[in-house]
Amino acid sequence: MKKERGLLIVLSGPSGVGKGTVCGALRQEDTDIHYSVSATTRSPREGEVHGVNYFFKSREEFDHMIKNNQLLEWAEYVGNYYGTPVDYVEKTLSEGKDIILEIEVQGALKVREIFPEGVFIFLMPPSLAVLRERIQNRGTETEELINNRMTVAKEEIEMMDKYDYVVENDEVPLAIERIKAIVKAEHCRKDRLIDKYRKLVEVE
Ligand code: 5GP
């Protein structure tokens, strides 16, 4: 019998909202959700590991990936390039496993065109003040970069209505519970199951 494809889950949200922390915590938990590691031209932040957080690439390497159709989508974000390697996504889905992509809004919109059946989740901070504070606390960015990220963040929040779900990241464990509940419910969506159960009736 043909294996059902896994769910493609996209998680976006403004810079600093905690997408990385939420995805990291999801990865630590024993869920069946696989994580897509993106390629980026940005330099590693302290503690970030090649192949775990990102595949860190030079501009030339990134261009090569684009030219060779190795990226499902890519986008420029605050002066750097980010993209989703297509092979791992395809492999995971065809094995019937779920995969989560943590990507910004432009990339998410491109993914929506390719995978309209995907599950699109927008992670929201409790307030803009909390968002600025979180970016500042990260301590890795200059004041100018923080302001750029806040401007982009406000534009990103405007795009919320392109998503299927909004999850507030007030506390990471709560945000994770909400995401897991969404994934569980999406697996029960009639459109995903109707063919399977119709076949059962036909066999009778
Ligand atoms: P950061 O530099 O803070 O790690 O990421 C900056 C932004 O790029 C975040 O919004 C993050 O979700 C997004 N991002 C990370 N990987 C990808 C990707 O593969 N594609 C796109 N379009 N955005 C990504």
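Predicted, not measured: the structure shown is a model, and the values here were computed from it.

Chemist: Quick rundown of the overall build of the protein? Include the residues and the values.
Modeler: Of regular secondary structure, the protein possesses 8 helices and 9 strands. In summary, the protein has a C-alpha radius of gyration of 18 Å against a globular reference of 17 Å for 204 residues, a match within 12%. Out of the 204 residues belonging to the protein, those deemed buried represent 42%. Contacts in the protein between residues at least 24 apart in sequence constitute 67% of all its contacts with a sequence separation of at least 6. Working note: accessible area of the protein is about 11,600 Å², and carbon and sulfur atoms make up 51% of it. Across the protein, 29 positive and 37 negative side-chain charges occur, with their mean positions spaced 3 Å apart.

Chemist: Give me the lowdown on the site of the ligand, citing residues and values where you can.
Modeler: Close contacts around the ligand come from 16 residues, with S38, R42, Y54, Y82 and E104 the closest. E102 places a side-chain nitrogen or oxygen 2.9 Å from an oxygen atom of the ligand. At 2.6 Å, a side-chain N or O of E104 approaches a nitrogen atom of the ligand. With the chains in place, 96% of the 510 Å² that the ligand exposes on its own is no longer accessible. Elements that contribute at least two residues to the shell around the ligand include exactly strand 5 (71-77) and strand 6 (80-85).

Chemist: Lay out the side chain of S38 in plain terms, naming residues and giving numbers.
Modeler: Mapped onto the fold, S38 is located in strand 3 (residues 38-40). Given the relative accessible area of 7%, S38 is considered buried. Here S38 is in contact with Y54, F55, G83, P85, E102 and I103, once residues within four sequence places are set aside.

Chemist: Explain the packing of helix 1 (residues 19-28) against helix 7 (residues 172-187) to me, using residue names and the numbers behind them.
Modeler: Closest axis-to-axis distance for the helix 1/helix 7 pair is 10 Å, and the angle between their directions is 70°. Considering the angle they form, helix 1 stands roughly perpendicular to helix 7. In the packing of helix 1 onto helix 7, the handedness of the crossing is right-handed. In contact with T21, V22, A25 and L26 of helix 1, helix 7 contributes V172, A175, I176, I179 and K180. When the residues that make up the contact of helix 1 with helix 7 are grouped by side-chain class, the tally is 7 nonpolar, 1 polar and 1 charged.

Thresholds applied
Residues numbered from 1 in each chain as written. Predicted model: local features only at pLDDT ≥ 70, side-chain atom pairs only at ≥ 80, totals over all residues. Heavy atoms only, no water. Helix = DSSP H or I, 4+ residues; strand = E, 2+ residues; numbered from the N terminus. Rg over C-alpha atoms; globule rule 2.2 N^0.38 Å. Buried < 20%, exposed > 50% of the residue type's maximum accessible area, 1.4 Å probe, protein only. Contact = heavy atoms within 4.5 Å. Areas by Shrake-Rupley, 256 points an atom, 1.4 Å probe, with all protein chains shown as cover. Lys, Arg positive; Asp, Glu negative; His and termini not counted. Charge placed at Lys NZ, Arg CZ, Asp CG, Glu CD. Near = heavy atom within 4 Å. Polar contact = N/O pair within 3.5 Å; in protein donor to acceptor, adjacent residues only side chain to side chain. Axes fitted to C-alpha atoms, helices over the stretch in contact; angles between N-to-C directions. Parallel < 35°, antiparallel > 145°, perpendicular 65-115°, else oblique. Left-handed = near helix turned anticlockwise from the far one by under 90°. Nonpolar A, V, L, I, M, F, W, Y, C, P; charged D, E, K, R; others polar.

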